[in-house]
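Tertiary structure, described
This is what each chain is made of:
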Amino acid sequence: AGAELAPAEAPRVAVLLFRKHVITKQPYVWELISQMEAEGLLPVPIFINGVEAHTIVRDVLTSVKEEAGTRETSYRPQDAASVDAIVNTIGFPLVGGPAGSMEAGRGVAEGLLGSMDVPYYVAAPLLLQDMASWRQSGV
């Protein structure tokens, strides 16, 4: 059975997921998407191969609040999905790897998210720890 899909006008939420977590059927993927649907949201799952999630946001995500002409030349408006929020579950900053820890990487992330003007959430899944031990001793 499962939950009914949200209507097309429901708030759309991009969910950045590690591709490996999807193909290895990590339970949090299904749980998160199912819960979003139950809350009346329309999840837009996006599978990321590495730590450079910003390239997906840069090239194929947009929002109704985005200002025209603020994107790099790699932006593909004909392929872009308009979203109302972004949830990052990959466990790395939007600009990952060594660049993410440097001022330039933070500037790229701030520029992308600032131009879209949508909420950005980081939701790292518990993959190596169960809920009971997390509650007892934290991450």
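Described below are features of the structure shown in this document. (Residues numbered from 1 in each chain as written. Predicted model: local features only at pLDDT ≥ 70, side-chain atom pairs only at ≥ 80, totals over all residues. Heavy atoms only, no water.)

Quick look at the overall build of the chain now. Regarding its fold elements, the chain presents 6 helices and 6 strands. Along the chain, helices (α) and strands (β) appear in the sequence β-α-α-β-α-β-β-β-α-α-β-α when read from the amino end. Residues classed as buried in the chain amount to 35% of the 139 residues present. Total accessible area on the chain stands at roughly 8,500 Å², and carbon and sulfur atoms take up 58% of it. (Helix = DSSP H or I, 4+ residues; strand = E, 2+ residues; numbered from the N terminus. Buried < 20%, exposed > 50% of the residue type's maximum accessible area, 1.4 Å probe, protein only. Areas by Shrake-Rupley, 256 points an atom, 1.4 Å probe, with all protein chains shown as cover.)

All right, on to the nonpolar core then. By size, the foremost hydrophobic cluster in this structure holds 18 residues, and its most contacted members are L16, V57, L61 and I86. For this core, the secondary structure elements donating two or more residues are strand 1 (12–18), strand 2 (42–48) and helix 5 (103–116). Per element, the largest residue contribution to this core is 4 residues, and it comes from helix 5. Formed by 9 residues, the second largest nonpolar core is a distinct cluster that contains L17, Y28, V29 and V87. (Core = buried A, V, L, I, M, F, W, Y, C linked by side-chain atoms within 4.5 Å.)

Here the focus is helix 2 (residues 27–38). In a regular helix each residue adds 1.5 Å, so 12 residues correspond to 16 Å; helix 2 covers 16 Å between its end C-alpha atoms and thus fits that length. Among the residues of helix 2, those classed as buried are Y28, V29, I33, M36 and E37. Take helix 2 and look down its axis: the buried residues cluster within an arc of 165°, on one side only. Those residues of helix 2 that are exposed and angled more than 90 degrees off the buried face are P27, W30, E31 and A38. Contacts from the buried residues of helix 2 go to strand 1, helix 1 (19–23), strand 2 and strand 5 (85–88). Following helix 2 by one or two positions, G40 adopts a phi angle in the positive range, close to 85°. (Expected span 1.5 Å × (residues − 1). Arc of directions from axis to C-beta. Contact = heavy atoms within 4.5 Å.)

For a regular strand, side chains alternate in direction, first toward one face of the sheet and then toward the other. Of all 7 residues making up strand 2, 5 are buried, and the element is well covered by its neighbours. Summarising the sheet, strand 1 and strand 2 pair through 7 bridges and their orientation is parallel. Paired with A14 across the strands is V44, a residue of strand 2. (Pairing = 2+ DSSP bridges.)

Further remarks concern the environment of K65. By secondary structure assignment, the location of K65 is in the loop between strand 3 (61–62) and strand 4 (81–82). Residues contacting K65, with those up to four places away along its chain left out, are S115, M116 and D117.

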